[in-house]
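# Architecture at a glance
What follows is the residue order along each chain.
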Amino acid sequence: SIVATNVGNVWTAVYTMVSGDAQGAINYTIDFQDLAGNNSTPVNTNSVIVFDSIAPSTTNVSVVSGGLNPFLAKAFNQIIITILDSAAVQVPTVIIMGHAATVSSLGGNAYQATYTPNLTDSEGFVVYSISLVDLAGNTYNSGNVTSGVTFDRTPPVFSNVSVTNSNPNPGYAK
């Protein structure tokens, strides 16, 4: 229901939206009478106010390594997450491997988040989370998501290396 109040001849009408109300532009009419009973000319409007109670979501997320293999990252290979959102959102908050990512707009509802792991980051599958807030304030949080990219910061080490040859004199090879 609408609640109207008058303070110093300034009228305020308040309606609290509920989840069953139609999504989209809010249309309203202002109609009133003066104390003598004269009717006003109704004011109709197509509002620029939009009711949106639907939480945003990601429609497509891709995670790759900036290294030679898109599924393997070593220290100092950038991790790149490309995000396509279901609706216009504020700049997303993205956490990659426990660190705040750098996020930039790709235009429209697309964003790119990057983080460059170093020698102190934990090895294993790259874990990330995405938090969204749409323009109406509805929120979405992916929680921790394990990607298909593996981070490996340990260089290979040779052990038990031996050299053999078929020369009768093993100190020489031809």
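Description of the structure in this document. Because the structure is a prediction, the values reported are computed rather than measured.

Little of strand E2 (residues 10-14) sits inside the fold, with zero of its five residues counted as buried. Bridging between strand E1 (residues 3-7) and E2 involves five bridges; their strand directions are antiparallel. Looking at E2, one finds that asparagine 6 is bridged to tryptophan 11. Between E1 and the antiparallel strand that follows it, E2, lie two residues; glycine 8 among them carries a positive phi value of about 60°.

Attention now moves to the layout of surface pockets. Each pocket or cavity is described by its volume, and for the largest pocket that value is around 800 Å³. Residue lining of the largest pocket: 24 residues in total, with Ile2, Ala13, Tyr28, Thr29 and Ile30 positioned closest to the centre. Elements that contribute at least two residues to the lining of the largest pocket include exactly E1, E2 and strand E3 (24-30). With six residues, the top contributor of residues to the lining of the largest pocket is E3. In terms of residue class, the lining of the largest pocket is made up of 15 nonpolar, six polar and three charged. Computed from the structure, the second largest pocket encloses a volume of approximately 220 Å³. Surrounding the second largest pocket, 13 residues form its lining, Ala73, Lys74, Ala75, Asn77 and Asp152 being those nearest its centre.

Among the nonpolar cores identified, the biggest contains 20 residues, and Ile79, Ile81, Val94, Ile96, Met97 and Val126 are the most heavily contacted of them. Of all elements in the fold, only strand E7 (79-85), strand E8 (93-96), strand E11 (110-115), strand E12 (124-133) and strand E14 (145-151) reach the threshold of two or more residues within this core. Considering every element that reaches this core, the biggest residue donor is E12, with four residues.

Bringing unusual backbone geometry into the picture now. The phi dihedral of phenylalanine 76 falls on the positive side, at around 75°, and the residue is not glycine. Along the polypeptide, phenylalanine 76 turns up in the loop between strand E6 (72-73) and E7. Of note, the phi angle at asparagine 160 is positive, near 50°, even though the residue is not glycine.

The four strands lie next to each other as E5-E7-E11-E10, forming an open sheet whose pairing is antiparallel. Where the open sheet ends on each side, the last strands, each with one partner, are strand E5 (58-65) and strand E10 (102-107). The mean angle between the axes of side-by-side strands here comes to 20°, regardless of whether they run parallel or antiparallel. Two elements, E10 and E11, share five bridges in a ladder whose sense is antiparallel. Looking at E11, one finds that serine 104 is bridged to glutamine 112.

Rules and cut-offs
Residues numbered from 1 in each chain as written. Predicted model: local features only at pLDDT ≥ 70, side-chain atom pairs only at ≥ 80, totals over all residues. Heavy atoms only, no water. Buried < 20%, exposed > 50% of the residue type's maximum accessible area, 1.4 Å probe, protein only. Helix = DSSP H or I, 4+ residues; strand = E, 2+ residues; numbered from the N terminus. Pairing = 2+ DSSP bridges. 1 Å grid on protein atoms, 1.4 Å probe; cavity = no way out; pocket = protein on both sides within 12 Å on 5 of 7 lines; lining within 4 Å. Points joined across faces, edges and corners; volume = space filled by probe spheres on them. Nonpolar A, V, L, I, M, F, W, Y, C, P; charged D, E, K, R; others polar. Core = buried A, V, L, I, M, F, W, Y, C linked by side-chain atoms within 4.5 Å. Axes fitted to C-alpha atoms, helices over the stretch in contact; angles between N-to-C directions.

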